[in-house]
Each structure stands twice: as C-alpha cells, then as structure tokens.
Amino acid sequence: EKGDVLFTEIMFAPATGMSEFVEVVNHSNKVLDLSDFTFATRKPDAAPLVGKRLTTKHSLLFPGEYKVLTKKMEGVCGSIPCPGEESFLITSSLAAMNNSGGWISLYRFSDSTLVEEVFYSPDFHVEGVPNKGTGVSLERLSLEEDKWTSASPATGYASPGRENQTMMANEDVLLDAEKICYPYLDESGSWHVYYT
C-alpha cells in the first residue's frame, strides 16, 4: 500500500567511478517482496514513465529494513562505508536519474498502484556542499515527512543501507544543517520548495 515503502536516500549525481543508487525502507509491519515493485523516473515537467520491475527473484524486505537499489554494488561502496551484500539489491532495472532533478517512483508490479513517489533536486543540497553536490547523496530527514538535505561529511556524504545520520535523534545534526527543504505541490499542481 502507499507509504509501506519509502525512499530514504538518493544518489542521483555520483562522482566519477561511482554508481547511482536509491535507498528504501520498509515502513510497514509487513514482510514485503521487492519483486512486487517497479521503479520509474521522470523529469519535473514530464509524464510518468513506464516502470521496470526491480527483479524477478524474490527479495524480501522486513519491517524497518533498509535496502539499497543500484546497478553495481562496487560503484556504491568504492569510496564510502557500506554494509554487507544483504543490504543491496543489484538490479539492471534502475532507470537513470536526471542530474538536474526530477521524480522517482515505486509502483506495485501487479497493478501499477503508486506506492511511493518523491521529487529531488540539486537545490535541496546545503549551501557550500562539495562539487555542487556531485558525489553527495540526498537524505530524508524523517520517515514521517518529505524533507531532504545533504548527507553528512561524517559518513562520506552517503550512508547506503542504514539509517540516515540526519534521521537519528540528534539535535546537533539538524541544527548544523544550513538549509532544509520542504517540497510541496500547490492546488494547481505547480511545484514549489520552501526552505528554512
């Protein structure tokens, strides 16, 4: 159902030699199977794309478990700390993400029901982030709200396969964030971003 799986981290502009990835978490009390999902991307002004099934093999996602979706594990773990292989789903179905921003979506494979969709943008990065955000992932600040900011330098600017440092109960992390974005759609369907 919608909200059972959430995007929690997005590496849409990897540095040279790195791979794009998205991280998801099972935000339900159910055991889910990632073979039941399709992944799709689209530019901000484009119609939704037809998604590709993540995998045809069973890949269980337990309540509270994080999973990294990527084409190459070594492209994620080459320069940042990573958990074991069990935290990854290697899939050729991960559509390329636009470096200038866009939407990523998860659909239920059986009937194309939308389960999760978020908008991401390089504008969500904190001011002064290295290389204008290249090689820096965006991390969700809370599982209850759609708020994003740059991954911490303390984790190598990404934390694939585990809880985001920005989501941990640590006020210092939140206070250190120079810019936090609140993306939203108005009643006419126009996209806006509010910053604090």
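Our structure's up above, just so we're on the same page.
So, a few notes on the structure that sits alongside this text. Quick caveat: nothing in here was measured; it's all calculated off a predicted structure. (Residues numbered from 1 in each chain as written. Predicted model: local features only at pLDDT ≥ 70, side-chain atom pairs only at ≥ 80, totals over all residues. Heavy atoms only, no water.)

**Quick word on the packing of aromatic side chains**
Stated precisely, the cut-off is as follows: Each Phe, Tyr or Trp ring (for Trp, its six-membered ring) is paired with any other whose centre lies within 6.5 Å, and the angle between the two planes then decides the class: stacked below 30 degrees, edge-to-face above 60, tilted in between. The helix count covers DSSP runs of H or I at least four residues long, the strand count covers runs of E at least two residues long, and both are numbered beginning at the N terminus. Only protein chains enter the area calculation, which uses a 1.4 Å probe; residues under 20% of their type maximum are buried, those over 50% are exposed, and those in between are partly exposed.
On inspection of all chains with the given rule, the structure shows 4 aromatic pairs. Ring plane angle 40 degrees and centroid distance 4.7 Å describe the contact between Phe12 and Tyr120, whose orientation is recorded as tilted. Here Phe12 is found in the loop between β1 (5-11) and β2 (21-26), whereas its partner Tyr120 is found in strand β10 (residues 114-120), with 108 residues between them in sequence. Each member of the pair Phe12 and Tyr120 is classed as buried.

**With respect to the side chain of Glu9**
Counted only if it meets this: For the charge count, each Lys or Arg is scored as positive and each Asp or Glu as negative, with His and the chain ends excluded. Salt bridges, as used here, are contacts in which a Lys or Arg side-chain nitrogen is within 4 Å of a carboxyl oxygen on Asp or Glu. By the criterion applied in these results, polar contacts are pairs of N or O atoms within 3.5 Å in which, for protein atoms, one can donate a hydrogen and the other can accept it, and in which residues neighboring in sequence qualify only through two side-chain atoms. Every residue pair with non-hydrogen atoms within 4.5 Å of one another is taken to be in contact.
Mapped onto the elements of the fold, Glu9 is located in strand β1. For the buried Glu9, which has no salt bridge, the nearest side chain bearing the opposite charge is Arg162, at an N-O separation of 7.1 Å. Looking at Glu9, its side chain comes within polar contact range of the side chain of Ser137, at 2.6 Å. Within the structure, Glu9 has its side chain in polar contact with the backbone nitrogen of Ser159 (distance 2.9 Å). Among all residues touching Glu9, those that are not within four sequence positions of it are Phe21, Val22, Glu23, Ser137, Leu138, Glu139, Trp148, Ala158, Ser159, Pro160 and Asn164.

**Things to note about a nonpolar patch on the surface**
So the rule is basically this: Each patch is built from residues lacking any salt bridge and having more than 30% relative accessible area; the joining distance is 9 Å for like charges and 5 Å for nonpolar side chains (Val, Leu, Ile, Met, Phe, Trp, Tyr). All accessibility values rest on the Shrake-Rupley procedure with a 1.4 Å probe; residue burial counts only the protein chains present in the view.
There is a patch of nonpolar side chains on the surface, built from Val31, Leu60 and Phe62 and spanning about 270 Å² of accessible area. Tracing the backbone shows Phe62 in the loop between β6 (60-61) and β7 (66-70). For Phe62, a relative accessible area of 42% translates into the label partly exposed.

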